[in-house]
Amino acid sequence: MDIYVALFSLFFFTKAALAFGSDQDYQIDIINELDLANATYGITQVAGLHNSSKAFLFRDVGRAVHAPAHITEKVVQLFKRKSEFTFLASIQQKSSTSGVIFSIHESEHSYFELESSGVREEIRYHYRFKGKPRSESFPYRLADGQWHKIALTISATHLLLHVDCNRIYERVIDPPQMEITPGSGVWLGQHSHKHGLFKGVIQDVKLIFAPNGYITQCPNLNRTCPTCSDFLSLVQGIMDLQEILAKMTLKLNYAETRLTQLEGCHCERTCSANGLVYRDKELWVEPENCRNCACSNGVVECRRIFCPPANCSEDSLPVHVDGTCCKKCRPRCTYMGQNFSEGQRFSSRSCRECKNGLMVKVTETCPELNCTVSEQILPDGRCCNVCRGYDFCAEGLICGENSECKNRNTKAECECKSGFASIHGDSTYCEGRTAETELGLM
């Protein structure tokens, strides 16, 4: 069960007291006010790289660590006023794991997201340019169980990436979109409620809205000329790299030998979904969600079953039929000047139900109600009254995975969740606003 946690009650805003800053530059210490370790499921305060700030262990369990709306709005406004910024963090990521360190996004639109992949041994930066998604990948292994300092600096089209105070990448990129929409979310240690969960310790997470913000993390980089000590350290570093290269060459030769031996092996990756195991390339249907699913190399890929418009004739109406995903045309009924669809009921002197185009009389014994007559209402398509405030959703109205049941005055209806739109005007099944819904479930 997701547990929503306010990431912090107040960001720490302070004018940048740095040699490169000015009165208009700000820094946001994201983790400074995170003092909810005893009440937060999935994270625990632990000893960090140093003792001057708090560090938290993010475990591999369901969690939701994100900023409240009023703090997110402050972040949105700061990004609007700045053309450059630096993201800083100190992390100790569990070996060979993957996860999102920090993310600002709305639905599937990432404005800023920094991800570390221990599987591919690379760092990924996701952003948007003119409304289109962009990504930059940097081959580097952070998920090794050791502490690392990471600093990503963006200045218009210029990108700098520092790891452990070493400049490892410098690129020219498309200028990131700084106009973040107000509905965006700010997440720490994950992409969303269940996806991109970071596994390890995070400390000193900051956004610096100033030039060369990485100097906050590595003050020694604020120099132009190397010293003799720097030169000697460089020579020693080269010697260390030569030793590492020799060891890596031996390991590479061994790995190539092992790969040659394994080329003749076939390892099939299976998929797990809804408590069942499926083989690679196996297909199945999820009738409750109206989806066709397939197992593809260990990943479950599902697509919504497409329902074309019913296009019913004038003497019929579209209705849901048990056991089917799409509406079917059924004869409509006309009674006392009103039109009724299959299964609807109407009460006048007797209770009648629309069946096969005819309003037939049905016998229905109404239960005794525990409310006064003035508090009773007649639901749509029913013959018996209920008390005002009746929970229609409790009767089991089926809604798709992207919609949810909502109680109205006289009936229950499906309503699309945020970020999804109804299909052909029917909110029982909804899809993403920008593209067809396609999910991958691990």
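Described below are features of the structure shown in this document.

Rules of the game
Residues numbered from 1 in each chain as written. Predicted model: local features only at pLDDT ≥ 70, side-chain atom pairs only at ≥ 80, totals over all residues. Heavy atoms only, no water. Phe/Tyr/Trp six-rings, centres within 6.5 Å; stacked < 30°, edge-to-face > 60°. Buried < 20%, exposed > 50% of the residue type's maximum accessible area, 1.4 Å probe, protein only. Salt bridge = Lys/Arg side-chain N within 4 Å of Asp/Glu carboxyl O. Helix = DSSP H or I, 4+ residues; strand = E, 2+ residues; numbered from the N terminus.

**Remarks on the packing of aromatic side chains**
On inspection of all chains with the given rule, the structure shows 14 aromatic pairs. Look at tyrosine 278 and tryptophan 284: their rings are 3.6 Å apart centre to centre, the planes differ by 5°, and that puts the pair in the stacked class. On the basis of relative accessibility, which here comes to 10%, the residue tyrosine 278 falls in the buried class. Judged by centre distance (5.0 Å) and plane angle (75°), the ring pair of tyrosine 390 and phenylalanine 392 falls under edge-to-face. Members of the aromatic cluster, each reached through a chain of ring pairs, are Phe79, Phe85, Phe87, Phe102, Phe112, Tyr125, Tyr127 and Phe209.

**Considerations on the pattern of salt bridges**
Close approach of charged atoms lets side chains of opposite charge pair. Applying the stated criterion to the full structure yields 14 salt bridges. Between glutamate 121 and arginine 141 there is a salt bridge, with its nearest N and O atoms 3.9 Å apart. Taken as a pair, glutamate 121 in the loop between β9 (109-117) and β10 (122-129) and arginine 141 in the loop between β11 (132-139) and β12 (147-155) lie far apart in primary sequence, 20 residues in all. In this structure, glutamate 404 and lysine 406 form a salt bridge, with 3.8 Å as the shortest nitrogen-oxygen distance. Look at glutamate 404 and you get partly exposed, because its relative accessible area is 32%. Lysine 406 sits in the partly exposed class, given a relative accessible area of 30%. Salt bridges linked by common partners bring Arg408, Lys411, Glu413 and Glu415 together as one network.

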